Structure formats: C-alpha cells, structure tokens
Amino acid sequence: MRTLEEVRATLEIAKLKEEDLQKTIHCLSFGDNVSSADYCLMELDDTLCKHIEAGQSLVIRGDKDERAVLCSGDNTYDLKIADTSNLLLFVPGCRTPDQLTNSQDSSHVAHTQIWGFCNSYWELRKHRPKLKKLKKILMENPYEGPAIRGQEENTENRYTMEDLLERIQASEEEIKTHLETIHACQIDGYWRVLDFDYEMKLLGHVTQLVDSESWSFNKVPLQNSLEELAPLEPKEMIEHCLNCYGKRYNENDKVFYALHEDKVCRGVALMLLQNAVKFNLREFQEVWQQSVPEGMSTRLDQLKSVALVDRTSRPETICLLRVEDLPEDTLERFNHLFTLREKWTEDDITPYIQDLCGEKQTTGALLTKYARSSMQNGIKVFNSRRPVAT
C-alpha cells in the first residue's frame, strides 16, 4: 500500500507539481484472481443508458448460425467488438474528477482495488430488425380455418410470443408491428398467419356482404357483419379481416370500419398474380378491375413492392415480386434484383430497396454505393457495379 510520501516521491521523479493535481490521489492495486475474461464492456448511448437506469432489460438474440444482435423493448442493435490500445480497468467506487471536491486542505491517498480489465468493448449500432424469418416459421403451419368436424387440427409448429422472442432477432415492439403487417393473429394463445386462400375467402365474404346490403365501404357496421357472416366463419376471423383491410372507428356508440381501397385492391391483385409467371398487363388490368368490389378503382401504384411491370416487353407484362421474398442482406438484395433485371429505373427499384435504408439513409445513397447509373433513351437507369451471375 503506497504512502503519501511515496506518491510525492513519484511525482517528483515525473516532474509533476502536487498543486496541479486533485487532492484525492487514487492508488490502484489488482485484486486476487483478476482476469480479463471475467467481464465484458458495452458502450451505450443516452437512450439505452436511460433504458437500463429505468430498470429495463437488454436481450442478446440469435441462433447458433446467426450473428448476435442486442434488443431493447423497441429497437435492434448490431454487436461489434471494438479493440482499444488502452487497458480498460473496472474499479468499483473509483470517482472521476468531476465527482471529487477539493474541500480537503491537504492531499490524501485513496486505496482502490481493480476488479477486472479489458482491452476491447462491444460497440452498438442500430440495425434493421431481421424479420423475414418470422413469416417463414409461421408459414410452417398457416391457419386454414376451423377444423372440419371429425378432423384434428395440426398442433405442430405453433408459436407464442415468448417462442417468437426466442427465435426472431428483433425487439418485441418490432415483432408485434410486423405481425400486424403480415396479417397474423392470435388463436388459442398462438400467433398464426392465415393461409392466403383462406384470407381471400374472408375478404370475399366481407365485400359481398357490403355489396348485398348496399353499405358504404366507408361505413361497414361490425355487429351486423358478425351476425350475418357467423354461419360461414368464426366471428373472430371476420373481425380480424376487417382489422386487416379497414380502419376501425366509433360513431354513436357503434363500431364501424372504413375499408381501405388500396389494401383491398392489392389483396385481389395478389390473388390473381400468385399462380401466373407473367400476366399480359392490359388483360390483367381489365380482370383486376372486374374482380374488385364495385365502386373501388384499381391503380398500378397500389402494387408497389408486390408486383413488377415490364414496359420493355411486347406486350407489356406484370408479375408477382414481393419485397418480403427478397434477401434481407443489402448486397444480396441488389445482386438478386440485378439477376432479375439488368437495368432498373429509380421508380421501379425504389420500392424494393426502401426497407434497407438505415437511420438518415436514403435510397439514393444506397444506389450510389451498390449500383452504377447511366442514361437510356433519356431516362436514368441503374445496373450492377460488378458482373452478376445469371
């Protein structure tokens, strides 16, 4: 244990003036059995610090074949090891200069023990949640409607929220938001995604009822809908369909739904395109308009990120291409897109890369990094920066 006299002798050798230093002098010593493997350091921003100080938790998620991510209640972060040339010491009870006061008249030595040390720390960077796996595992057992009498329902591959939190690299809030996006619902405590044909069947029941009752699409009464369609489908499924394709509101103590034209038209388009490799665009537009409920108008911009129009072919064609089916990795996504089409206009490619943008990042910045631009017939187009295997 160093004495104050020994400290002063060291200062003299180092040619330092005692009056230039804090009155409290920390004398550090290593405790027994100290190891660099005992602790890990993690650098937190102000938001995460407040999250921890409020008693909330941070969770590291990932299967054995996945790169680990860290999740708070509503965000996902990449974990990256950052090395430092300085040795980082863990010293409980050690106070920083701004925590000290110079109220003492003379210098004194505070003996403090080092609990551990490290020469690296975990760096966090906010990252897009990895949600493609969510629909993939839910599609292992999609819900096709209530079991027919005499048949047993398949109870395999069903997941609670706790199960999903164990499997999906995303925060709970991000998972809940995506479950809503893919029209999943809770059945008997398990999250299920609807079989697409069954979902379209439900939507058909709703739109046919609206038509037969001459209701406005902006004012569909919930209670009447449930009563009328109860003999055909469970009430919970009818209400779920209305939640997926409409907006709920109250009027005079009654619940109504305003059906969303774009969502209904998009659903019908997906039903028409799902079994066709390519569809003559003009014929598709005619069939599509005839297939949607009367009073609704179809437009191609309703199909951004789910269908791709080829204006260069003769005749012009349209095919199914859903952004959710594309790779999550940015480089893999661009490579895949450029195997599908050599040159893209900005309007065509933007819906398929919009979800790749990080904080304060634009699609223009992504295109600058991963694509090369050129002019073709007076229109700017983008192609791959490197040869793409077809």
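Named according to an unreviewed UniProt entry, the protein chain is Sister chromatid cohesion protein DCC1 originating from Dicentrarchus labrax. According to its UniProt record, the protein chain has this under Sequence similarities (unreviewed entry): "Belongs to the DCC1 family."

Let us look at the layout of surface pockets. For the second largest pocket, the calculated volume is near 520 Å³. Along the walls of the second largest pocket sit 22 residues, with D310, R311, T312, R341 and K343 positioned nearest its centre. Secondary structure elements with two or more residues in the lining of the second largest pocket: β13 (307–310), β14 (317–320), α11 (330–340), β15 (344–345) and β17 (379–384).

Below, the discussion takes up the sheet that holds β15. Spatially, the three strands line up as an open sheet ordered β15-β17-β16, and their pairing is antiparallel. Either end of the sheet is taken by a strand with one partner, and the two such strands are β15 and β16 (371–376). Packing against the sheet, α11 makes contact with β15, β16 and β17, and its axis sits at approximately 115 degrees to β17. Running over the sheet, helix α13 (residues 363–370) touches β16 and β17 and is turned about 95 degrees from β16.

As a further point, take the packing of aromatic side chains. Within this structure, the stated rule accounts for eight aromatic pairs. Measuring from centroid to centroid gives 5.3 Å for F284 and W288, while their planes differ by 25 degrees, and the two rings are stacked. Highlighted residues: F284 and W288, both in helix α10 (residues 281–291), separated by four residues, approximately one helical turn. Centre to centre, the rings of F334 and Y370 are 5.1 Å apart; their planes meet at 15 degrees, and the pair counts as stacked. With F334 in helix α11 and Y370 in helix α13, this pair connects stretches of sequence that are 36 residues apart. Taken together, the ring pairs connect F279, F284 and W288 into an aromatic cluster. Lying across the ring of Y190, R158 places its NZ or CZ 4.2 Å from the centre. The ring centre of W344 lies 4.9 Å from the NZ or CZ of R341, which sits over that ring.

Quick notes on the rules
- Residues numbered from 1 in each chain as written.
- Predicted model: local features only at pLDDT ≥ 70, side-chain atom pairs only at ≥ 80, totals over all residues.
- Heavy atoms only, no water.
- UniProt positions renumbered as here; feature names shortened; annotations may be inferred.
- 1 Å grid on protein atoms, 1.4 Å probe; cavity = no way out; pocket = protein on both sides within 12 Å on 5 of 7 lines; lining within 4 Å.
- Points joined across faces, edges and corners; volume = space filled by probe spheres on them.
- Helix = DSSP H or I, 4+ residues; strand = E, 2+ residues; numbered from the N terminus.
- Pairing = 2+ DSSP bridges.
- Contact = heavy atoms within 4.5 Å.
- Axes fitted to C-alpha atoms, helices over the stretch in contact; angles between N-to-C directions.
- Phe/Tyr/Trp six-rings, centres within 6.5 Å; stacked < 30°, edge-to-face > 60°.
- Lys NZ or Arg CZ within 6 Å of the ring centre and 35° of its normal.

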